[in-house]
Structure formats: structure tokens, C-alpha cells
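Architecture at a glance
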Amino acid sequence: MIKTSPVLAKSQSDRDIADFMFYRQIVHRDSNSYKEMYERSIKDPAGFWSEIADAFYWKEKWNPSEVCSENLDVSKGPVHISWFKGGKTNICYNAVDRNVEAGNGDKIALYWEGNEPGQDGKLTYSELVEKVCQLANYLKSVGVGKGDAVIIYLPMLLELPIAMLACARIGAVHSVVFAGFSADSLAQRIVDCKPKLVLTCNAVKRGPKPILLKDIVDAALVESEKNGFSVGICLTYENQSVMKRQDTKWQAGRDVWWQDVVTNFPTKCDVEWVDAEDPLFLLYTSGSTGKPKGVMHTSGGYMVYTATTFKYAFDYKPTDIYWCTADCGWITGHSYVTYGPLLNGAAVLVFEGTPNYPNAGRCWDIVDKYKVSIFYTAPTLVRSLMRDGDEYVTRYSRKSLRVLGSVGEPINPSAWRWFYNVVGDSKCPISDTWWQTETGGFMMTPLPGAWPQKPGSATFPFFGVQPVIVDEKGQEIEGECSGYLCIKKSWPGAFRTLYGDHDRYETTYFKPFAGYYFTGDGCSRDKDGYHWLTGRVDDVINVSGHRIGTAEVESALVSHPQCAEAAVVGVEHEVKGQGIYAFVTLVDGVPYSEELRKSLIAKVRTQIGAFAAPDRIHWAPGLPKTRSGKIMRRILRKIAAKQLDELGDISTLADPGVVDQLIALKDC
Ligand code: WT7
């Protein structure tokens, strides 16, 4: 199960406490009120979360004796997490209608900035309800109802959050697939969740490059049909500025233009009241095996949790303009582009483009244009912009910025400092939010102003979260230590199952350490109790904040007819955090060639997506295996990292000679 031991956090000298007292003037919060609230949340989770949940609209209140389920220990029975059981609500109603009813109908809900500077749009909360209702009515008219799956394969157009909300409104289960995934990956997800309908657009531009999304969907639909599932409707948004409808390949009877149908529907649509524990969405993510996992979140707890974490971690105020650079195809876009902010009535910026197009100043241009006050992004973006130099940043005012956020991987202290000093002009606290697709929302994060920050530490747990560090045997370790990060007790935003595979859910997350949710991350705690995430301890690599299973990349590589075997490991990468390093053994007699290297990489692009393309292919006449045939990745990681004097004991290998062969081929 666990393949490596957690790496200790980097240099101690980077762990200096930056005590930015002036945060307190900005955000009016202090560590005492945090401690009080935190303690209460742990002592009385039912009472704590019920009070918060009371602020939302519930058609029917939950059963007070069933606020939350207790058991996380598989030996005591199945793990079935639930929150607010018996309650009936609707997250779309709470995120959109309720803001209108509160008199904020004219407030901007969504700003849209297109790929090209100058392309923009916006929707007020009242306009957003109408758009959502029209689509919801259309979906109902074609037979999509409560519990039905809908796949959304869209870029960051406003239609993406609209589509998510429309599904939620009628109780349909959305599954957004990041529009950078290939046709094969999309097909795999379609076959798994069997959607009534797939929603896409004809094309999009990413930077200077047009991408024909509809072609990818067409290929995916052919592929899923071959695998026994055919999709009845492909609702396609005509993205006119990129591609006209007459240039789009079309399958009559199946394909429908969004603009032809949706706009004809009424702008009012009744809300489907759903049980707190009814599924809200599936989001596929990578694990240790080749098959992506359909992480399932439900309505009530997720709603309460994403809204509350957003409010506290970013110190949200009604005047804020909030921008999260994540795509709605990932969990960050679900919880902190769409649901969390809208549930707070926030003004959210949706950005279609890429942060360095047309140049590395784009983000700060956008910050000034919309007066963004909360800016939430990933360390990989910070590092890449840092390389382009301060000039791109300092030529913009950025004076609207108040709070910065980071997510996706540990932020290295030098990137943290640049983000803090250059981007934030040494005045904005950074919320380094540690969480996962599975957790639904933030699990550990600084609360701006509540306590001193340490660059690179996600600091302390959010309300209701009990992180523990355990050793190999699952014993909790106290004080200054390093080990496996687990969570004791459930929290409202926790995922409830892996779609169609509750066994895998229990086996992956609850069996490794009895009684705990196992995160898959290593973590150390310093003498002041701060937490330092040290990266994944399973076969998952984190490339630019995107989670990729080594097994998925390996299975794509071995599907190449000339590849006999492949082993993939993560290797440190200056910008991406981790890069993908693949050891490839070719079929007997096939010579190494540059052309073959390219076609192996192309295979990964078509099976997973461009973001999973290996950075390095290392030809391997053989792979280091134990006598029982298990690949020793520990050794491969050291070779990839060029730490050849740290290979450790290789005497247990079936053929220790392969190590020398690999080293000899390192520059091929
Ligand atoms: C994995 C989860 C959660 C949204 C984005 C990724 C790593 C995420 C941090 C952080 C250190 C982090 C962990 C985690 N991670 N945020 N602030 N500090 N590590 O979601 O694809 O589910 O990946 O990302 O390793 O397990 P995801």
C-alpha cells in the first residue's frame, strides 16, 4: 500500500516565523477566538455545525439526533459518513436564488474574462438565476431528472458554472471532466457514470491555440459506444468567437446547439428539494491504480462546508472581488469557483485564458481591471511567473489585493516569499490551503490574521478537522514529528463513497490506518505545532497541482505496441513541482529512437491528456525488480533524481546488474 516514506520538510532555516501583526488590522481576527471556536467544533461537532447550517435555507430541517455519523473504523462496521440526515435542501437555491431574495439580485455574481484581453462579460445574481433556470428547464424537458448523471466537458465559459448549478437545481448529478482530458479519458468517465447527456462547446482558444473540443467529444462518444454505452444527447455551446457552427462536425439526432434550445425555455424553474445525503456530483480523480476514482460528494454537508471554509479562510467580505485561477474541471473549481463563493453571495471572476497569455503580466492586468481583492492560485503558477521577473508584476498597481491563497501542492518558501513580497506588496496574508478532492473543502489553512504564518506551512486545521500524524503502525505520534497524515472523525465536506465501488473507498482510505481517514500525504509537525505537508506517499504524482496516478501513465505507455514495460516516478521540477519521469523497456529488438520517444509521449497525450505527458523518457533495458517481480520504485526515484549515491540496498534485486545498465543509459 504505502510505497515510500514521507520526506522531511526542507530546510529548517526556512521555517522562520513571519509575524505580520498588521494582518490583524486588516482582518480583525485573533488566535483566541479561533481557539475557542476550534475547541467547540471538536467537542461538539453536531452543535457547532448545526448552528452554521441554520444560516442556510432548508426545506425540511435535519433530524437533530442524526447530525453526523460517527464510525470511521471498518472493523466496527461499514463506513457511511452522513451529515444533516433527514434534512432537505438545494445548493443551487442557496447559492443563487437566496442572494436574489436577500435583495442582492443586482450584485454581480460572475465576471467573465475571456482568453483574449478585451473579451469579457458579467452576470448579476438575478441574471444568473434566469440562465440557470433556462438550462434546468431544458434538461428536464429532455428527461434529465433527480439522480441522473450529466457529463460537463466545457472550458471556463460562464456556461460551465451555469451548467453545474442547473444540474444541482434539478437534483441531477454533474460530473465535470476537465477539458484538457483526452477523448479516451472522457470516454472512460462516460462509460463509468452513464450520463443522460453530455454538455460541451465546439471549440475554445487556450492562449494562441484553438482546441476543437467537439471533435474530442465525438471521438469519446464513439469510444464509449464501443464499450457498450451510447449517449443520447450532446448539447453543444456554439463558441462563436472561436468557431462557427457551420464549421463544426455534427451528428444530427444526437447533437443539439445550446443556443437553439436553451434560450427558448422559461427563466423560472422550480427547485427540486433533495435530501442532504443525495449525491451532488461525481468528480473523477487519480489513485494508485489505473482506473480513475469517481469521488462522490453529497448536497447538505458539502454546501455548509464549502461556504464556511471560503468565508473564514479568505476572510470574505461582501465588497470583495474574488478570483480563483483553477478550472471548474478540478475540485478547486467546484468548491471555490462555483459553490463556496456563490453561497456567500460573492462576486466571482471566471477566467477562460491562461495566465501568461498574451504575456506574463496578464494576471495583474486582470487584478487591476476587476479590482480583485482575493486572489487564489497554485504554487506552479507563482513559480512560473516568478521566473518571468518582477517587472511584469510591478508595472500593475494591484492595490485592490487583500488576501492571497495557494493550493495544489506545498508552496516552497522562496515562491511563498515572492508571492507575499512582490505580488502582495508585503501586505496580504497568504492562505496556504491544504485539502483534497476527497475532502470537499479546506482541511488546514491559515486564517488571515489569526496567527503568525510560516512560509510553506499550511499551519493549523480548520474548524471540526482533527489531523493526526501516525507512524507505520498507525500509532498517533505527538509533538514534533513526521509521518502519515490522517484525519480523525468526519467533517461535513467529506466524500461519501467512490461511485460504484464502496469497497475501494473503504480499502483505500479507511483500512490503511484503523479508525482514521488516510490522506495519502506525508506530514511533519514542528515544535510550534505547525503542519508541513511533505507530498504524497502513494503512487500519485502532483504535476502543476494536477494529480496523476503513475499507474495511469504506465498503462498508457504500455499500450504502445513497441513498449514492453514501463515504470513511472515523480521527479522534482522547478516550475511544475513534480515532473513525470518514465522508464521504458522496449519490445525485444526495437531500437531506441527520438521518433519512438515522441510517439510514446503522444500515446500518453491521447490516453490521458497533454498535462500528463512525461517530461523524460529513460530507456531501460530492464527494470529493477525484486525476486517476486515487484518493481523497486525507490531505486528508480533515486536514479531519476540523479541521487546515485543514495540508491540504498540493491542486493534484494533479482538482477542487481540492471541498475548499472540504467545509470549508463541516463543521458539517452
Ligand atoms: C493533493 C490533493 C485540493 C485541491 C487541489 C488538488 C496536494 C493540495 C496542498 C497544499 C500541500 C497540497 C496534497 C493532496 N495538496 N493542496 N496547500 N499544501 N499539498 O486536489 O487533486 O485532490 O490533490 O494535493 O498532496 O493530497 P487533488
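Reading the values: the criteria
Residues numbered from 1 in each chain as written. Predicted model: local features only at pLDDT ≥ 70, side-chain atom pairs only at ≥ 80, totals over all residues. Heavy atoms only, no water. Helix = DSSP H or I, 4+ residues; strand = E, 2+ residues; numbered from the N terminus. Buried < 20%, exposed > 50% of the residue type's maximum accessible area, 1.4 Å probe, protein only. Polar contact = N/O pair within 3.5 Å; in protein donor to acceptor, adjacent residues only side chain to side chain. Contact = heavy atoms within 4.5 Å. UniProt positions renumbered as here; feature names shortened; annotations may be inferred. Pairing = 2+ DSSP bridges. Near = heavy atom within 4 Å. Areas by Shrake-Rupley, 256 points an atom, 1.4 Å probe, with all protein chains shown as cover. Phe/Tyr/Trp six-rings, centres within 6.5 Å; stacked < 30°, edge-to-face > 60°. Lys NZ or Arg CZ within 6 Å of the ring centre and 35° of its normal. Core = buried A, V, L, I, M, F, W, Y, C linked by side-chain atoms within 4.5 Å. pLDDT = per-residue confidence, 0-100.

Before going further, it helps to spend a moment on the side chain of Thr 200. Looking at the element boundaries, Thr 200 is found in strand β7 (residues 197-201). Relative accessible area serves as the criterion here: at 0%, Thr 200 is assigned to the buried category. Within the structure, Thr 200 has its side chain in polar contact with the backbone oxygen of Tyr 153 (distance 2.9 Å). Apart from residues lying up to four places away in sequence, Thr 200 is in contact with Tyr 153, Leu 154, Leu 213, Lys 214, Val 217, Cys 234, Leu 235, Thr 236 and Tyr 237.

The sites that UniProt annotates as "domain: Acetyl-coenzyme A synthetase N-terminal" (unreviewed entry) are residues 34-95. Along residues 34-95 one finds 39% helix and 8% strand; the C-alpha atoms at either end are 26 Å apart.

Glancing now at the sheet that holds strand β2 (residues 88-89). As summarised here, the arrangement of the three strands in space is β1-β2-β12, forming an open sheet in which the pairing is antiparallel. Each end of this open sheet is capped by a strand with a single partner; those strands are β1 (58-60) and β12 (274-275). Note: β2 against β12, two bridges, orientation antiparallel. Looking at β12, one finds that Lys 88 is bridged to Asp 275.

Another aspect to go through is the site of the ligand. Around the ligand, the surrounding shell holds 17 residues, and the nearest of these are Asp 432, Thr 433, Thr 437, Asp 521 and Arg 547. Within the contact set of the ligand, a nitrogen atom lies 3.4 Å away from a backbone nitrogen or oxygen of Pro 410. A distance of 3.5 Å separates an oxygen atom of the ligand from a polar atom in the side chain of Asn 542. With the chains in place, 96% of the 550 Å² that the ligand exposes on its own is no longer accessible. Counting only elements with at least two residues in the shell around the ligand, the list comes to α11 (331-343) and β25 (531-536).

Here the focus is helix α7 (residues 183-193). For α7, every residue scored as buried is listed here: Ala 183, Ser 185, Leu 186, Ala 187, Arg 189, Ile 190 and Cys 193. For α7, the secondary structure elements touched by its buried residues are β5 (149-153), β6 (173-176), β7, α8 (213-226), β13 (279-285) and α18 (594-607). At the C-terminal side of α7, Lys 194 shows a positive phi close to 45 degrees.

Our next topic: the packing of aromatic side chains. Counted according to the given criterion, the structure contains 60 aromatic pairs. Plain terms: the ring middles of Phe 513 and Phe 518 are 5.0 Å apart, the flat faces sit at 80 degrees to each other, and that makes the pair edge-to-face. For the pair formed by Phe 513 and Phe 518, the shared burial category is buried. Ring-pair connections join several aromatic residues into one group, and the members of that group are Tyr 34, Tyr 38, Phe 48, Trp 49, Tyr 305, Tyr 312, Trp 451, Phe 460, Phe 462, Phe 463 and Tyr 530. Residue placement shows Lys 454 over the ring face of Tyr 530; its charged tip is 4.4 Å from the ring centre.

This part is about the nonpolar core. Grouped together as the largest cluster of nonpolar side chains are 171 residues, with contacts concentrated most on Phe 84, Leu 128, Leu 135, Ile 152, Leu 557 and Val 584. Other than its neighbours up to four places away in sequence, Phe 84 contacts Trp 49, Ser 50, Ala 53, Trp 58, Trp 62, Glu 66, Val 67, Ala 276, Gly 300, Gly 301 and Val 304. Within the second largest apolar cluster, 32 residues are counted, among which are Tyr 111, Ile 411, Trp 418 and Tyr 420.

This part is about the confidence of the model for the protein chain. Averaged over the protein chain, the pLDDT score is 94; the fraction of residues at 70 or greater is 95%. Confidence scores differ between elements of the protein chain, with helix α1 (residues 23-27) showing the lowest mean pLDDT of 41 and helix α6 (residues 159-170) the highest of 99. Overall, residues 1-28 carries pLDDT values under 50, and its contacts beyond four positions in sequence, including any with other chains, amount to 71 contacts. Confidence estimates for the predicted assembly give a pTM of 0.94 and an ipTM of 0.99.

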